[in-house]
Structures are given as structure tokens and as C-alpha cells.
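# Per-entry structural report
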Amino acid sequence: MEIKSNQTSPVLTDPAPVNKSRLGTYSGLLPYPPAGATFSSGKYVKIPRKKPGTLDDVRSNGWLDAMKSSSPPRKKLIKDFTVQITSDDTDTAHLSWMLKYPSALHSFTQITDYAKNKKIAMFLDYDGTLSPIVDDPDCALMSSDMRSAVRNAAKYVPTAIISGRSRDKVVYELVELRELYYAGSHGMDIMGPVNHSATDDHSNNCIIRSTDQQDKEVNLFQPAKEFIPMIDEVFRTLVENTKGIQGSKVENHKFCVSVHYRNVDEKNWPTIAQLVHDILKNYPRLRLTHGRKVLEVRPMIDWNKGKAVEFLLDSLGLSKSDDVLPIYIGDDKTDEDAFKVLREKCGGYGILVSPVPKETKAFYSLKDPSEVQITSMPLPTSILYSGLLNLMELCVQVMKFLESLVRWKNKQEGA
Ligand SMILES: O=P(O)(O)OC[C@H]1O[C@H](O[C@H]2O[C@H](CO)[C@@H](O)[C@H](O)[C@H]2O)[C@H](O)[C@@H](O)[C@@H]1O
């Protein structure tokens, strides 16, 4: 991947035709459909509001369906999961899914055989991968064992965390490991290594040469920098307007905003969806994506976790060789962009962390292995146990994978 020196921005920040000359072509960026709008610079209380829409808006554009399918409510999942595991149909469906996306742990030898004589680069998502999905996003902590596993992996292979959260939150509050590279806000805020052989990267105005806390030279890449005031404005509007919706939570990730509805009564989902929809009408340069019980508002730029992987591989000097094996572990829709890049462009492996079969661009999967144990328990106990296991076990599998990798690397280097 090359950064062209004659460009001012790698990002499609303004789709209006008059600004086309500002559009960069970072790694073949393609424009999003024109939105033809300008930045609103007013304070959130002064935003000229378009007429609020009707709930039909969010029904007809599919938002509600996407919200309902964005990870089933935990109790329902556990119940279905527990009841269904005795069913032959589910077993068959699951087995055929596992044939398509085999367990990364069971296939570990196959992976390492392929990795022999290659440089591995490890990319990890945070929520649902390194920490279990919990009701309160502020309580999604990674265990100290997981932290050690990630730290050890980073001793052997360059390791980066690519999260939807703000980079600062992930680095300073959640992960706290200085030896990693980080991309926050779904890849729109990257702190990565300086690739001295890439001579022209610093001429791109989205890249700022900086130093990290250990005074190490780093590159800061923020392709949506000009959206910061807009995102802040939308954040404050959303906080204000969702005040009355019990259980809702809005997070500001600097380059994107998350509107959580995990703890909102399902009968109020249409209201929260419509509210976000109405606000977005005032910001045609922002778009919405769906995560796990979360609506994510982000700039309409052609940048995602997949592009972030490409950018980091390039920064690491690992983008142009066949002897590189990038591995990406993630659980969410936004991770699919990275799985796709690995599968189609980088010759790497995506690993999907999921308790249920899902369509994915990943190559391998990591799934809760505890279902066999819990069938033998009486139903209420099994529901309780599977709840606890479900929360923790997926992350434990990720940890086991990282530990296996470290043991293998260790052995290789000792050999
Ligand atoms: O890319 P990620 O690191 O996976 O971040 C995606 C979102 O993760 C967080 O929300 C999700 O996890 C929460 C804690 O388990 C959960 O309560 C929520 O329902 C999930 O959507 C984070 O709070 C979001 O801002 C991220 O976008």
C-alpha cells in the first residue's frame, strides 16, 4: 500500500462534486454516494432540526431489523442455545458451520505449518474478543490473564488492537499495554510505527509524526480529523435527546459516537432508532452502522478496520511481502471489513469469535466449547451456568490461542 505524496488527504471527506479535487486515493479509496451537504457548526441546541420522521422511517430502512438481529438478548440466546443443543438440526447446522470455519484452536497445527518461515502480524478486536460482552460498556474489562497473554504475544509478533472505542480509552483505561499498536474509532485513529523505508508517508497531512509515552517515534494517522467538532456536536445532541430513554447510553469516541440500546426496553427501540435517524438527517456527511446492540454514527469516509489493518501492515513494513501472515481475531460486524481484507488481499487469516454460527469472511472460528457440559444439567442450572460460561469462555479461547502461539514461537526460536 502506498501513500501518494501529491495528495492532501487520503480520505473522502466531502462527497460534494465541487470538492472532488480534495479526494485522496489511499489504497484505492472509492467514494461514498454524494450527500451534498455542509458541516453544521452550530451548538447542538441551535441545530436547525428537520421535521422529525415517523417510526416508519426506521422500519422501512431496515434499521429495526438490524437492531433486532444484532446479537440476540443474552437470556434468549442462552435459553435457545441450551434447549437447541439437544436438537439434531442444530447439531447438524453447527457441524456444517464448523466444517466451513474450523476451530482455530483445533486447527492450530495447520495454522502454524502455514506460518513457518513467515512473519506473523497479530490484530485483535477488543469488545467481545479480549473482554466479554457485558451490559455496561464501562465494565468490559479484560482479565489479567488475558493481558499477560496479549503482552507475551507482542514479545514475539507485532500486535495491534483495533477497536470501535476511542484510542485513549482502550490504551489508557482498558488494555494499558505500551508494547502494542492501537487503532481506535474503528481504525480512524491509529498510532503506529514509523516505517522509515516508506519515504513519502509523512507528506500526507493525515499522518503526524509524534512520540509515544516512551519517547518512541510514532505515526499518528487520523483520516477523519476534520469531523471532530461535528462528532462532538452530534454526541451532545444525542445525550440531550436520549435523556428520557431509560437504559440508553451514548459514548463519544472522538471520531464516532455509539448509541447503546442493550439496556433499553425493546418497546423503546423504535424511538431510539428514530431519534438517531432524525439527527442524522441534519448531518448528511455522517452515516450509521450497526454493532452489537449499538448504533454507531461515523463520518462518511471510506475507512474501516480493514483499511486500518492495511495501514498498519504498511507501517510495519509488512505489506509487500509474501512471507507475512496477518491474523485478525474479532467478533463483530465491523471486524468483517478486516476479515475481508485478510482473505482477499493480504493472504491472512480472520478468526471469528462467536457462540453461534454466522456468515463471515473469516477463515477460522473460536466458539464456546461448553455446550456439551451444560446439557447434562437441569434446565435452570444450565441456563445460569451457560450464562457465566458464555460470558467468559469465548475470551478464554482467544487467550488459549495467543498462549499457543507464544509457546510455538518460543519453541521455534529455541530450536
Ligand atoms: O470494536 P470493538 O472493540 O469490539 O468495540 C465495539 C463496541 O464495543 C463496545 O460495545 C459493545 O460492548 C459492550 C461491553 O461489553 C456492550 O455493552 C455493548 O452492547 C456492545 O456493543 C463499546 O461500548 C462500543 O462503543 C464499541 O463501538
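Starting afresh in each chain, residues are numbered from 1 along the sequence in its written order. In keeping with the model being predicted, local features are shown solely for residues with a pLDDT of at least 70 and side-chain atom pairs are shown and tallied solely at 80 or more, while totals for entire chains, interfaces and linings include all residues. Just so you know, side-chain values use all the structure's heavy atoms and leave hydrogens and water out.

Per an unreviewed UniProt entry, the recorded name for the protein chain is Trehalose 6-phosphate phosphatase, and the organism is Tripterygium wilfordii. UniProt positions are given in the numbering used here, feature names are shortened, and annotations may be inferred rather than shown by experiment. What UniProt states about the protein chain under its Pathway (unreviewed entry) heading is, verbatim, "Glycan biosynthesis; trehalose biosynthesis." The Catalytic activity (unreviewed entry) comment attached to the protein chain in UniProt states, word for word, "alpha,alpha-trehalose 6-phosphate + H2O = alpha,alpha-trehalose + phosphate".

Only when DSSP finds a minimum of two bridges between them are two strands counted as paired. Note on conventions: DSSP H or I runs of at least 4 residues are helices, E runs of at least 2 residues are strands, and numbering of each starts at the N terminus. A sheet is described by the order of its strands in space; here nine strands give the open sequence 5-6-4-3-2-1-11-12-13, paired in mixed fashion. This sheet does not close on itself; its edge strands, each paired only once, are strand 5 (207-211) and strand 13 (364-366). Ignoring which end each strand starts from, the neighbouring axes of this sheet average 20 degrees apart. As paired elements, strand 1 (residues 119-124) and strand 11 (residues 324-330) share six bridges and run parallel to each other. Within the sheet, the bridge partner assigned to Leu124 lies in strand 11 and is Ile329. Sheet strands in contact with helix 5 (residues 108-115) are strand 1, strand 11, strand 12 (349-353) and strand 13, and its direction is about 145 degrees off that of strand 11. Geometry is summarised by axes, namely lines fitted to C-alpha atoms with helices restricted to the contacting stretch, and by angles between N-to-C directions that run from 0 to 180 degrees. Contacts are residue-level and defined by heavy atoms, with any inter-residue pair within 4.5 Å sufficient.

Two quantities define a packed helix pair, namely the angle between the helix axes and the distance between the axes. Interaxial distance between helix 10 (residues 305-315) and helix 11 (residues 336-346) falls to 6 Å at its minimum, and their mutual angle equals 50 degrees. Classified by the angle between their axes, helix 10 and helix 11 sit oblique to one another. On helix 11, the residues that touch Lys305, Gly306, Val309, Glu310 and Leu313 of helix 10 are Asp337, Ala338, Val341, Leu342, Lys345 and Cys346. Here the angle decides the label: under 35 degrees means roughly parallel, over 145 means roughly antiparallel, 65 to 115 means roughly perpendicular, and every other value means oblique.

The next subject is the pattern of salt bridges. Just to be clear on terms, a salt bridge is a Lys or Arg side-chain nitrogen sitting within 4 Å of an Asp or Glu carboxyl oxygen. Applying the stated criterion to the full structure yields 24 salt bridges. In this structure, the salt-bridge partner of Asp138 is Lys249, at a minimum N-O distance of 3.1 Å. A residue pair is termed long-range when its members are at least 10 positions apart, and Asp138 in the loop between strand 1 and helix 6 (144-156) and Lys249 in strand 7 (residues 249-252) qualify at 111 residues. In this structure, Asp212 and Lys216 form a salt bridge, with 3.9 Å as the shortest nitrogen-oxygen distance. Exposure classes here rest on a 1.4 Å probe applied to the protein chains alone. A residue is buried below 20% of its type maximum, exposed above 50%, and partly exposed in between. Taking relative accessible area as the criterion, Asp212 reaches 14% and is therefore assigned buried.

For an α-helix, the turn length of 3.6 residues means that residues three or four places apart are oriented alike. Each residue after the first adds 1.5 Å to the expected span of a helix. With 15 residues, helix 8 (residues 228-242) extends 21 Å from end C-alpha to end C-alpha; this agrees with the ideal 21 Å at 1.5 Å per step. Residues Met230, Ile231, Glu233, Val234, Phe235, Thr237, Leu238 and Thr242 constitute the buried set of helix 8. Its buried side turned inward, helix 8 meets strand 7, strand 8 (257-260), helix 9 (269-281), strand 9 (286-291) and strand 10 (294-299).

Note on terminology: near, applied to a residue and a molecule or strand, indicates that one of the residue's heavy atoms is within 4 Å of it. Neighbouring the ligand are 21 residues, the closest being Asp125, Val134, His253, Arg262 and Arg292. In protein, a polar contact requires one atom able to donate a hydrogen and another able to accept it; more generally it is a pair of N or O atoms within 3.5 Å, and residues adjacent in sequence count only if both atoms are side-chain atoms. Arg292 places a polar main-chain atom, nitrogen or oxygen, 2.4 Å from an oxygen atom of the ligand. Contact with the protein chains hides 99% of the accessible area of the ligand, taken as 570 Å² for the molecule alone. Elements that contribute at least two residues to the shell around the ligand include exactly strand 8 and strand 10. Split by domain, the shell around the ligand shows at least three residues from each of two domains, domain 1 (119-184 + 304-376 + 405-414) and domain 2 (227-299). Using a 1.4 Å probe, the Shrake-Rupley method yields the accessible areas, and only the shown protein chains count as cover for residues. Here the bounds of each domain stem from an automatic or database domain assignment.

The next subject is the domain arrangement of the protein chain. Annotation of the protein chain at the domain level lists domain 1 (119-184 + 304-376 + 405-414) and domain 2 (227-299). Just the C-alpha atoms count here: the centres of domain 1 and domain 2 sit 26 Å apart. Contacts between domain 1 and domain 2 engage 14 residues on the former and 12 residues on the latter. Buried surface area refers to the total accessible area, computed with a probe of radius 1.4 Å, that the two partners give up upon joining, counted for both partners together. On the domain 1 side of the contact with domain 2, Ile133, Asp135 and Pro137 bury the most area, a combined 33% of that side's loss. The tally of links from domain 1 across to domain 2 stands at three salt bridges. Classification convention: Asp, Glu, Lys, Arg as charged; Ala, Val, Leu, Ile, Met, Phe, Trp, Tyr, Cys, Pro as nonpolar; all other residues, Gly among them, as polar. Class assignment for the residues of the side of domain 1 that touches domain 2 results in three nonpolar, four polar and seven charged.

Further remarks concern the pairing of strand 5. As judged from the five bridges shared by strand 5 and strand 6 (residues 217-221), these two strands associate in the antiparallel manner. Across the sheet, the residue bridging to Ile208 is Leu220, located in strand 6. Where strand 5 folds back onto strand 6 in an antiparallel hairpin, the turn is made up of five residues, including Asp215, whose phi is positive at roughly 65 degrees.

On to the confidence of the model for the protein chain. Confidence per residue, as judged by the predictor, is encoded in pLDDT with a range of 0 to 100. Per-residue confidence for the protein chain gives a mean pLDDT of 80, with 73% of residues at or over 70. Every residue in residues 75-86 is under pLDDT 50, and counting partners more than four places away or in other chains gives 26 contacts. Contacts from residues 369-380, a stretch scored under 50 in pLDDT, to residues over four places away or in other chains number 19 contacts. For this predicted complex, the interface score ipTM comes out at 0.99, while the overall pTM is 0.81.

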